[in-house]
Amino acid sequence: MREILIVGGGYAGFYTAWGLEKKLRHGEARVTVVDPRPYMTYQPFLPEVTAGSIEARHAVVSLRRHLRRTRLIAGSVTEIRNAQRTVTVRPVNGAEYKLHYDVLVVTAGAVTRTFPIPGLARQAIGLKHVEEAVAIRDRLMTAFDQAASLPPGGERRMLLTVTFVGGGFSGVEGFGELLSLATAMLKSYPELSFDDLSFHLVEARGRILPEVGDEPGAWVVRSLERRGAHVHLNTQLVSAEDGHVVLSDGEEFDSALIVWTAGNASNPVVHNHTDLPVDERGLIMARSDLRVGTDSEPLPDVWAAGDDASIPDLASPVPGARTVPNAQHAVRQGRRLAKNLVADLRGKRVGDYRHSSLGVVATLGLGRGIFQYKKIVIKGLPAWLMHRGYHVLAVPTWERKVRVLVAWLTAALFGRDLVSLASVQHPRDAFVMGGEAQGLGVRPAGEETAA
């Protein structure tokens, strides 16, 4: 029996394994997925997790529940040596070991790209995993509780100042949703006013949302500014020491919550610890049929998909274009890869990956959104409804679709739960302190691990 090893259980890895379970005959091959997390995160839902519109567990898909015929290993692949047909696995507990394979599928995904900015590593938090989304929500709600007990002044202002760095989809959606949540929370805090809030979006380029056109992107900026946000274009974060934000445009302010969403970088195992061919960006070089290598020099039994793979975009009119790293491509590449793996095992012809964009849609907060498909642009409530409709259809498994729909309906009837559970991030505090009074201080992001 052939061993198919999938490195990474994200979009591409999950859909590849899910497809193989449906297509492989009994005894035809054994599929193994290695990932440190026991779930696939549906990342388009993370902004709504930060806003309390979706329960955190509903934004993830359990690998063990839905991959019942796949061997799952809780660990990280730290090295790939295709010459020996082995990978090095670092389990969650225990010593590293070698794992052999017959067929390798690399879907490790990208990681958050960071820079050596003073204070960034200690003060900022990302928005790539559900744990981070939960922590962002709880930190904002805890800040409201603390600010309500303080007199007007610098300390209150700092607690209610939020800074997002990065104007791509993740940053803009998270920023818009968190601004919507903060505005809604003011109704429950008569001690606070709208003027106490200060939301900053920092983008190094001259525009946000590069996936949409110039005019829709400019409309999003105007929409956010009308809601009281400060959008800093052509601006970089210079320093974040002790929560004191210094921007390249000269502005300075104190911010208790700093969220970093400034792009992706290739996975370290792909970039630095493999003998597979990579391009100048550190991405695995793959052909249009998702086989690793080039048209003239393909690697047998090695495949790649998702954010860590450089794959020709056959639907683009631009010569030499590669697919962009987004959920649409990762999901569809995973589905195509499952078909190609089965076809290759059976000696049949494999197919090329070709997918034309379905358009882009983004949430900007409750009841607000933007959609663009070619020259068609839809704004406001209709776009927001399209965003919810698309993603409830796109999230895998009917079980998750129903849970998300029920959560949305419940929120529509009773509103969002405006309760911080920041204390669950430090569950032993009450036990260790022996009942002593203690505050839920907003600790530096680097000291927190969301539960």
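Structure: above.
Residues numbered from 1 in each chain as written. Predicted model: local features only at pLDDT ≥ 70, side-chain atom pairs only at ≥ 80, totals over all residues. Heavy atoms only, no water.

Peer 1: Help me understand the overall build of the chain in this model?
Peer 2: The number of helices and strands found in the chain is 13 helices and 25 strands. The C-alpha atoms of the chain give a radius of gyration of 23 Å, which matches the 22 Å a tight globule of 451 residues would have. Projected onto its principal axes, the C-alpha coordinates of the chain cover approximately 70 × 60 × 45 Å. Taken over 451 residues, the chain has a buried fraction of 55%. Taking contacts inside the chain between residues at least 6 apart in sequence as the whole, the part at least 24 apart equals 67%. Accessible area of the chain: about 20,500 Å², with a carbon and sulfur share of 54%. (Helix = DSSP H or I, 4+ residues; strand = E, 2+ residues; numbered from the N terminus. Rg over C-alpha atoms; globule rule 2.2 N^0.38 Å. Buried < 20%, exposed > 50% of the residue type's maximum accessible area, 1.4 Å probe, protein only. Contact = heavy atoms within 4.5 Å. Areas by Shrake-Rupley, 256 points an atom, 1.4 Å probe, with all protein chains shown as cover.)

Peer 1: Is there a simple way to explain the layout of surface pockets in this structure?
Peer 2: The volume enclosed by the second largest pocket comes to roughly 1,100 Å³. What lines the second largest pocket is a set of 48 residues, and nearest its centre among them are R37, A110, V111, K128 and H129. Take the lining of the second largest pocket: its biggest share by element is four residues, from strand 5 (residues 71-81). Looking at the lining of the second largest pocket residue by residue, the classes come out as 23 nonpolar, 18 polar and seven charged. (1 Å grid on protein atoms, 1.4 Å probe; cavity = no way out; pocket = protein on both sides within 12 Å on 5 of 7 lines; lining within 4 Å. Points joined across faces, edges and corners; volume = space filled by probe spheres on them. Nonpolar A, V, L, I, M, F, W, Y, C, P; charged D, E, K, R; others polar.)

Peer 1: Where do I start with the packing of helix 5 (residues 130-148) against helix 7 (residues 169-185) in this structure?
Peer 2: When two helices pack together, their arrangement is given by the angle between their axes and by how far apart the axes lie. Their axes nearest at 11 Å, the elements helix 5 and helix 7 cross at an angle of 30 degrees. If you check the angle between helix 5 and helix 7, you find them roughly parallel. You can see that helix 5 and helix 7 cross each other, and the crossing is right-handed. Only L178, L181, A182 and M185 of helix 7 make contact with helix 5, whose side of the interface consists of I136, R137, L140, M141 and F144. Of the residues contributing to the contact of helix 5 with helix 7, the split by class is eight nonpolar, no polar and one charged. (Axes fitted to C-alpha atoms, helices over the stretch in contact; angles between N-to-C directions. Parallel < 35°, antiparallel > 145°, perpendicular 65-115°, else oblique. Left-handed = near helix turned anticlockwise from the far one by under 90°.)

In short, the description is geometric, and any link to function would need to be established separately.
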